[in-house]
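Coordinate inspection notes
Each chain is listed here by its residues.
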Amino acid sequence: MKQTSKILALIIAMCMVLSIGALASGEASGGMSAPGGGGGSSEPDSYDAILDVTADQTIDGVSMVSDTADQNIIHVMDGATAWVTNSAFQNGGTGGGGDAASFYGVGATLFVSDGTLYAQNDTIESTVSGGSGVFAYKTGVAYVSGLNIHTTQTAAGGLHVAGGGTLYAWDCDIETEAPMAAAAIRSDRGGGTMVVDGGRYVTKGGTGAVYVTADISIHDAYLYAGGSEGVAIEGKNSIRLFDSDLTCTMLPSELNDNRVWNIIVYQSMSGDADVGTSEYDMIGGTLTCNAGPVVYNTNTSSYITFKDVDVTYGADTTYFLQVTGNSSSRTWGRAGANGANCVFSAYSQDMYNGVVYDTISNLDMYLLDGSCLVGAIACDDSLNGGNSGDGKCNVTIDASSVWYVTGNSYVNGTLSNAGTIQNAYIMDTNGNYIAGSYEYYLNMLDAQMKHHKAVVLSFNYRTCVEAPAPASINDVHAAYQYLLDNADELNIDPSMIVVHGFSTGGQFALCLGFRLKKYGIKPRAIIASLPIVDDVNDNQSGTFSFYNAEPDTIDAWDAEGIRLTMQMWLGEHYGDPALPPDALPSRAT
């Protein structure tokens, strides 16, 4: 009864998240290869098993060994029910695997094709290709709890559904080691349904932790993908992760043109998944990334939702979201026609590293319920091999959310902003500025140059997204030193240098002053307009706002903006009272 309650609770939660996703969508429209490889294998007429269960049967405390490839140890069929508890199974032999194993369950250790399997506190050791731990196929339904499963060969996943099978799992401990088609949580052609609650699911051989060609929900689980993406979802299928911890460690390979990602939403065209819209939801929990985009969507339509996920970024993480076509080297669609159509919704979600799309794709992005995007939104057709189209990027920001822009951004559709856009230089793909105040800064510099008959040096520095403190101050210091070193060539008086900065630039102007003081250097003056001088956020300040020259655009700044910026700038030193004034001016004594 207790297990039944847990299943119902998880299914109800699934329905609630589907409702959230529908609200987010509005009116808008793997490192691993497909496990079966798209082969033409047909369903077998019969299966070879050590034990065929054709009538209700209890199996408790037994030890069973198979040393024959393509042999099931237990096969539940003919509408029977089997209770398998406290038992040990060893599945060995040579050969086996392939499509027959991936699509139809040939060689799986515990296999149910027509009937019900209850398995509890069993141990499965599989060293044969195709020797999955538990496989539910067609009208077969499996309920498994407390299983310990270890597989070492190709096409030998931990928990597996295909052909419409159904599997519910609680608190299992699963490790797989093969380099292909051996996800700890796996599905294949014909799909099915899987619900996983609790447990540990580790893939060590370079295959993703979860491969999705079914409808899969996972709650409160630990998921680890060694050398691979964490999740691969293909075609008209769905995965929902609730309060789970997912670690992705994909490495470059020639198979993928040395590109990497952490989660991939795609269509392989192998035939293993119906063509249609993919759904990926991650609610709560943690996501640890290695390199490449956090989420890569290509050659399929998708609804993707993130809500309050704690994301850890690797040193080589490129974007939070990439929605583009691909070079077609993996036959993921036809080059120039393999873009993605993505509706991405963020609820109470912090996101760093920005977003990229291409013009053969469509992206509708929603920042909702206090979400924060830090980074640029870029448009880059080189990511699909240089093909172009008329795809659109639309961005909607609700009143509680914010986008901190860190570079030139391209929104070639609609930008609907009821919230906050900071530091905005936002263009459409024709190069027209649609938000922000780029001309304001150019005009200001030009006016200063003419009024004071001065040489004005304007330069770029690394932002806190690109590198933490003290990188930006080092860059500003280098610019000042450039003026000193080239004073004669520039025809300037080194004793008459004035440093002027606005907002973050004002902070860095003050920081530079304290830095130069250490070396006995004094600028003629420092002008700091609206600088950030502290990282204290004890009380919410009033919001400072000003309208830009562009119609219906606004910049705003408050204590929450300062907190987010200072956390990125100072990293682990955020809040440290011992910081020097050339990091935070308020630390001066």
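Scoring rules and cut-offs
Residues numbered from 1 in each chain as written. Predicted model: local features only at pLDDT ≥ 70, side-chain atom pairs only at ≥ 80, totals over all residues. Heavy atoms only, no water. Helix = DSSP H or I, 4+ residues; strand = E, 2+ residues; numbered from the N terminus. Buried < 20%, exposed > 50% of the residue type's maximum accessible area, 1.4 Å probe, protein only. Areas by Shrake-Rupley, 256 points an atom, 1.4 Å probe, with all protein chains shown as cover. Core = buried A, V, L, I, M, F, W, Y, C linked by side-chain atoms within 4.5 Å. Contact = heavy atoms within 4.5 Å. pLDDT = per-residue confidence, 0-100. Disulfide = S-S within 2.5 Å. Pairing = 2+ DSSP bridges. Axes fitted to C-alpha atoms, helices over the stretch in contact; angles between N-to-C directions. Parallel < 35°, antiparallel > 145°, perpendicular 65-115°, else oblique. Right-handed = clockwise from strand over helix to strand, strands pointing away.

1. Observations concerning the overall build of the chain
Tallying secondary structure elements over the chain gives seven helices and 46 strands in all. Going through the 589 residues of the chain one by one, you find that 53% of them count as buried. For the chain, the exposed area adds up to about 24000 Å²; of that, 50% sits on carbon and sulfur atoms.

2. Brief notes about the nonpolar core
Counting 81 residues, the largest nonpolar core has Val-134, Leu-159, Tyr-280, Leu-287, Phe-306 and Phe-344 as the members making the most contacts within it. Apart from the residues lying within four places of it in its own chain, the contact partners of Tyr-280 are Val-231, Ile-239, Leu-241, Leu-246, Ile-263, Val-265, Tyr-303, Ile-304, Thr-305 and Phe-306. By size, the runner-up hydrophobic cluster in this structure holds 19 residues, among which are Ala-509, Leu-512, Ile-532 and Leu-584.

3. A closer look at the confidence of the model for the chain
Averaged over all residues, the pLDDT of the chain is 85; the fraction at 70 or higher stands at 84%. For the stretch residues 540-556, pLDDT sits under 50, and the model shows 36 contacts to residues farther than four places along the chain or on other chains.

4. Here's the deal with the state of the cysteines
Tallied over the full model, the rule gives zero disulfides. Cysteine Cys-379 shares no disulfide, and the gap to the nearest cysteine sulfur, in Cys-393, comes to 8.2 Å.

5. A short note on the pairing of strand S19 (residues 238-242)
Taken across its five residues, S19 has five buried, putting it largely inside the fold. Of the two faces of S19, the one holding Ser-238, Arg-240 and Phe-242 and the one holding Ile-239 and Leu-241 are both buried throughout. In terms of strand pairing, strand S16 (residues 215-219) meets S19 through five bridges, oriented parallel. From the neighbouring strand, Ser-217 faces S19, where its bridge partner is Arg-240.

6. Considering the packing of helix H4 (residues 471-485) against helix H6 (residues 504-518)
H6 packs onto H4 with a crossing angle of 70° between their chain directions and a minimal axis gap of 10 Å. Classified by the angle their axes make, H4 and H6 are roughly perpendicular. Of the residues in H6, those touching H4 at Ser-472, Ile-473, Asn-474, Val-476, His-477 and Tyr-480 are Phe-508, Cys-511, Leu-512, Arg-515 and Leu-516.

7. Some words on the pairing of strand S44 (residues 525-529)
In this sheet, S44 lies alongside strand S43 (residues 498-502) in parallel orientation, the contact comprising five bridges. Bridge assignment links Phe-502 to a residue of S44, and that residue is Ser-529. One crossover worth recording links S43 to the parallel S44 by way of H6, and it is right-handed.

8. Here's the deal with unusual backbone geometry
Cis geometry is found at the peptide bond from Ala-469 to Pro-470, where omega equals 5°. For Pro-470, the location among the structural elements is in the loop between helix H3 (438-452) and H4. Here Asp-243, not a glycine, exhibits a phi torsion of approximately 50°, which is positive. Among the secondary structure elements, Asp-243 is positioned in the loop between S19 and strand S20 (245-248). Judged by relative accessible area, Asp-243 falls into the partly exposed class, the value being 45%. Even without being a glycine, Asn-299 presents a positive backbone phi close to 60°. For Asn-299, the position within the fold is in the loop between strand S25 (295-298) and strand S26 (301-307). Residue Asn-299 is classed as buried on the basis of its relative accessible area of 12%.

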